[in-house]
Amino acid sequence: FMRAQFPGQDDANGIGWWIHFARRRLNDHPEIERMVFINRAAPGTALGGGGTWSPGSLHYQDALAETLQALDRDPQLVFAGFLWLQGEANAGETEAGYQALLTAMVNGFRASIPGAQQSPFICGTVFKSWATSATQTGPDRAHRNIANYLANSTFADFSDLPSQGDNLHFGQPELRIMGSRYARAAETLVPTTAPGGAQPHRIRFRNGAPVDVWSNGGLIYGASVTTDATRGQVLD
């Protein structure tokens, strides 16, 4: 999605929390010119066993193939990270068991997608009633502790949000909050930079601050211009 070109529809027309993530992310980062989503969400899917998100399984392979196709079609794209929301279908799994399954999936994606080796991974939590149930405690803890076992990963907490009445699905108002919380969580992680070795780049500035690298599309976050006694003005 390019800035100011969001579709007119909203949640009632099938638009989920991801568009609200994009709106918040683009608002907070004017240096990002556009965002592309590979939306492969599927209800009732699980990790492990007969689940369809383990490496080599149906949805895993479909998501990987579509991502690789998008990167191949547009060399300007840089893979930016993962947004994950799942857990109910793994009810009964222990924390260690779910942690191992989630780690295998993330490591598989990171190893198979160019430039994704250290890309951000953000998972969302489930309803409070699910998280505190005897069958759901393991996956919920694995989500909340993700930073302890997966590099450059964190979680967005949705446990305080109500369902739309069925204790299973979030309603439209909650989708907006979820997108914003995913975006807020993304601020705590190290963004993906474009692959490549040392090479000269042209730097673009906005309001006196460097915002991106023209020659490879890689973003510069938190950089400032300082004056070095020997080299003059440099990026810090």
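About the criteria used
- Residues numbered from 1 in each chain as written.
- Predicted model: local features only at pLDDT ≥ 70, side-chain atom pairs only at ≥ 80, totals over all residues.
- Heavy atoms only, no water.
- Helix = DSSP H or I, 4+ residues; strand = E, 2+ residues; numbered from the N terminus.
- Buried < 20%, exposed > 50% of the residue type's maximum accessible area, 1.4 Å probe, protein only.
- Contact = heavy atoms within 4.5 Å.
- pLDDT = per-residue confidence, 0-100.
- Pairing = 2+ DSSP bridges.
- Right-handed = clockwise from strand over helix to strand, strands pointing away.
- Expected span 1.5 Å × (residues − 1).
- Arc of directions from axis to C-beta.
- Salt bridge = Lys/Arg side-chain N within 4 Å of Asp/Glu carboxyl O.
- Axes fitted to C-alpha atoms, helices over the stretch in contact; angles between N-to-C directions.
- Phe/Tyr/Trp six-rings, centres within 6.5 Å; stacked < 30°, edge-to-face > 60°.

*Asks:* Explain the overall build of the protein chain here, please?
*Replies:* When its secondary structure is counted, the protein chain shows six helices and seven strands. For the protein chain, the N- to C-terminal ordering of α and β elements is α-α-β-α-β-α-α-β-α-β-β-β-β. Every one of the 236 residues in the protein chain was classed for burial, and the buried ones make up 41%. Partitioning the contacts of the protein chain with sequence separation of at least 6, the portion at a separation of at least 24 is 62%.

*Asks:* Help me understand the confidence of the model for the protein chain in this model?
*Replies:* Low-confidence regions, as indicated by low pLDDT, have predicted coordinates that should not be scrutinised in detail. Summary statistics for the protein chain give a mean pLDDT of 79 and a share of 72% for residues scoring 70 or more. Ranking the elements of the protein chain by mean pLDDT puts strand β5 (residues 209-213) last with 60 and strand β3 (residues 153-156) first with 96. Predicted confidence is poor over residues 195-201, with pLDDT under 50, and the contacts of this stretch with residues over four places away or in other chains come to five contacts.

*Asks:* How should I be thinking about the pairing of strand β2 (residues 121-124) in this particular structure?
*Replies:* It is a general feature of regular strands that their side chains alternate between the two faces of the sheet. Every second residue of β2 is oriented toward a common face, with F121 and C123 on one face and I122 and G124 on the other, all of them buried. Both strand β1 (residues 82-85) and β2 contribute to a ladder of four bridges, which runs parallel. Across the sheet, the residue bridging to W84 is C123, located in β2. Read as a crossover between parallel neighbours, the route from β1 over helix α3 (residues 95-112) to β2 is right-handed. Judged from the four bridges that link them, β2 and β3 form a sheet pairing that is parallel. Pairing of G124 across the sheet is with A156, part of β3.

*Asks:* Would you mind going over helix α2 (residues 58-73) with me for this structure?
*Replies:* Spacing of three or four residues puts side chains on the same side of an α-helix, whose turn is 3.6 residues. Over its 16 residues, α2 extends 23 Å from the first C-alpha to the last, a length consistent with the 22 Å expected when each residue adds 1.5 Å. For α2, the complete set of buried residues consists of H59, Y60, A63, L64, T67, A70 and L71. Along α2, the residues classed as buried sweep out an arc of 130° about the axis, all on the same side. Opposite the buried face of α2, by more than 90 degrees, sit the exposed residues L58, D72 and R73. Its buried side turned inward, α2 meets α3.

*Asks:* What's the story with the pattern of salt bridges in this structure? I'm lost.
*Replies:* Should the charged atoms of two oppositely charged side chains come close, the side chains can pair. Considering all chains together, one arrives at eight salt bridges under this definition. Two residues, R144 and D157, come together in a salt bridge whose shortest N-O distance is 3.2 Å. Placement of R144 in helix α5 (residues 137-144) and of D157 in the loop between β3 and α6 (172-186) is noted, with a sequence separation of 13 residues between them. Of the residues examined, D157 reaches a relative accessible area of 29% and is grouped as partly exposed. By sharing partners, the salt bridges in this structure join R40, D62 and E66 into a single network.

*Asks:* What's the story with unusual backbone geometry in this structure? I'm lost.
*Replies:* When glycine is set aside, most residues are seen to have a negative phi, and most peptide bonds are trans. Positive phi, close to 55°, is recorded for N152, a residue that is not glycine. Here N152 lies in the loop between α5 and β3.

*Asks:* Even after reading the chapter, I still don't get the environment of G115, so can you show me in this structure?
*Replies:* Among the structural elements, G115 can be located in the loop between α3 and β2. Between the alpha carbons of G115 and T192 there is a distance of 7.6 Å; along the sequence they are 77 residues apart. When residues no more than four places from it in sequence are discounted, the contact partners of G115 are F79 and T192.

*Asks:* I keep staring at the sheet that holds β3 and nothing clicks. Help me out?
*Replies:* Hydrogen bonds along the backbone pair up the strands of a sheet, which may run parallel or antiparallel. Strand order in the open sheet formed by three strands is β1-β2-β3, with parallel pairing between adjacent strands. Two strands in the sheet have a free side with no partner beyond their single neighbour: β1 and β3. Each adjacent strand pair in this sheet contributes to an overall mean axis angle of 25°, direction not counted. The strands that α3 touches are β1, β2 and β3; relative to β1, the one it contacts most, it runs at about 150°.

*Asks:* Would you explain the packing of aromatic side chains in this entry?
*Replies:* Within the structure shown, the criterion is met by nine aromatic pairs. Between F82 and F109, the aromatic rings sit 5.8 Å apart at their centres with planes inclined by 35°, giving tilted as the arrangement. Linking F82 in strand β1 with F109 in helix α3, this pair joins segments that are 27 residues apart in sequence. Taking the relative accessible area as the measure of exposure, F82 reaches 12% and is therefore buried. Residue F109 is classed as buried on the basis of its relative accessible area of 7%. These aromatic residues form a ring-pair network of at least three members: Y60, F79, F82, F109 and F121.

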